[in-house]
Amino acid sequence: QVQLVESGGGLVQAGGSLRLSCSASRSIFSINAMGWYRQAPGKQRELVARITSGDSTNYADAVKGRFTISRDAANDTVYLQMNSLKPEDTAVYYCIKLGYTPYTGAYYPLGAWGQGTQVTVSS
């Protein structure tokens, strides 16, 4: 239905920065919450950051103060600015549309996962 393509990953030294981009095939970011997830080697996929249609943001404790999620609805793109990167941030990063359950206040991923973009942080 809606294709999401992640880009911007790469190899960076600890303390460096990367900016990930998530581009959509349709203009969905103005009405849908979006999330960035990551999956490190040997670990489960975890939520890193999310942004709502009203630009409210939420971050995992491990990245608070270092990562910033933002959107550019005009360009159908969501970004993840990653600063002060640590080796523990090494993972494949994915973006995905999020659903919301008012009863529980929970957000959850919708649709299929894409290819993601690899982020590798060296010591």
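Refer to the structure presented above.
Below, the structure is looked at part by part. (Residues numbered from 1 in each chain as written. Predicted model: local features only at pLDDT ≥ 70, side-chain atom pairs only at ≥ 80, totals over all residues. Heavy atoms only, no water.)

### Describing the sheet that holds strand β7 (residues 67-72)
Within a beta sheet, neighbouring strands are joined by backbone hydrogen bonds and run either parallel or antiparallel to one another. The condition is simple: For two strands to count as paired, DSSP must find a minimum of two bridges between them. Secondary structure elements follow DSSP: runs of H or I no shorter than four residues count as helices, runs of E no shorter than two count as strands, and numbering proceeds from the N terminus. Every angle, taken between N-to-C directions, lies between 0 and 180 degrees, and every axis is a line fitted to C-alpha atoms, over only the stretch in contact when it is a helix.
Taking strand neighbours across the sheet as the criterion, the four strands line up as β1-β3-β8-β7 in an open arrangement whose pairing is antiparallel. A strand with exactly one partner marks an edge of an open sheet, and here the two such strands are β1 (4-7) and β7. Strand-to-strand twist across the sheet, computed as the mean angle between neighbouring axes with direction ignored, equals 15 degrees. Where β1 lies against strand β3 (residues 18-24), four bridges are found, and the strand directions are antiparallel.

### Some thoughts on unusual backbone geometry
Glycine aside, residues mostly have negative phi, and peptide bonds are mostly found in the trans state. The criterion, for reference: The buried label goes to any residue with under 20% of its type's maximum accessible area, the exposed label to any with over 50%, and the partly exposed label to all in between, with areas taken from a 1.4 Å probe on protein chains only.
Even without being a glycine, D55 presents a positive backbone phi close to 70 degrees. Relative to the assigned elements, D55 resides in the loop between β5 (46-51) and β6 (57-59). Residue D55 is classed as partly exposed on the basis of its relative accessible area of 48%. Phi at S84 takes a positive value of approximately 50 degrees, unusual for a residue other than glycine.

### Some thoughts on the pairing of strand β10 (residues 106-109)
As paired elements, strand β9 (residues 91-101) and β10 share four bridges and run antiparallel to each other. In the strand pairing of β10, L98 is matched with P109. Taken together, β9 and the strand that follows it, β10, pair antiparallel across an intervening segment of four residues, in which G105 is found at a positive phi of about 70 degrees.

### Quick word on the nonpolar core
Stated formally: Definition of nonpolar core: a set of buried residues of the types Ala, Val, Leu, Ile, Met, Phe, Trp, Tyr and Cys, connected through side-chain atoms within 4.5 Å. By definition, residues are in contact when any of their heavy atoms lie within 4.5 Å.
W36, V48, F67, I69, L80, M82 and Y93 are the most contacted members of the largest nonpolar core, which totals 25 residues. The set of elements that each furnish at least two residues to this core consists of β3, β4 (33-39), β5, β7, β8 (77-82), β9 and β11 (117-122). Looking at this core element by element, the count peaks at four residues for β3. Those residues in contact with F67 that sit more than four places away from it in its chain are R38, V48, Y59, L80, Q81, M82, N83, L85, D89 and Y93.

### Comments concerning the side chain of E6
Operational definition: Only four residue types enter the charge count: Lys and Arg as positive, Asp and Glu as negative, with His and the chain ends excluded. By convention in these notes, a salt bridge is any Lys or Arg side-chain nitrogen within 4 Å of a carboxyl oxygen on Asp or Glu. Think of a polar contact as two N or O atoms within 3.5 Å of one another; within protein, one of them needs to be a possible hydrogen donor and the other a possible acceptor, and neighboring residues in sequence only count if both atoms come from side chains.
Looking at the secondary structure, you find E6 in strand β1. It is R45 that comes nearest to the buried, bridge-free E6 among opposite-charge side chains, at 7.7 Å. A polar side-chain atom of E6 sits 3.0 Å from the main-chain amide nitrogen of C95. What E6 contacts, discounting residues up to four positions off in sequence, is S21, W36, Y93, Y94, C95, Q115, G116 and T117.

### Some details on the packing of aromatic side chains
Which entries qualify depends on this criterion: Within 6.5 Å between ring centres, the rings of Phe, Tyr and Trp (the latter by its six-membered ring) count as paired, and their orientation is classed by plane angle as stacked under 30 degrees, edge-to-face over 60, tilted in between. By the criterion adopted, a ring carries a charge over it if an Arg CZ or a Lys NZ lies within 6 Å of its centre and within 35 degrees of its normal.
One pass over the structure, following the stated rule, counts three aromatic pairs. Relative to W113, the ring of Y37 has its centre 5.1 Å away and its plane inclined at 75 degrees; by these criteria the two rings are edge-to-face. Taken together, the residues span a long stretch of sequence, with Y37 in strand β4 and W113 in the loop between β10 and β11 at a distance of 76 residues. Aromatic side chains Y100 and Y107 sit 4.7 Å apart centroid to centroid with 40 degrees between the ring planes, which places their arrangement in the tilted category. These aromatic residues form a ring-pair network of at least three members: Y37, Y94 and W113. One cation-aromatic arrangement involves R19 over Y79; the distance from NZ or CZ to the ring centre is 3.9 Å. One Lys or Arg, R45, reaches over the ring of W113 and ends 4.0 Å from the middle of that ring.

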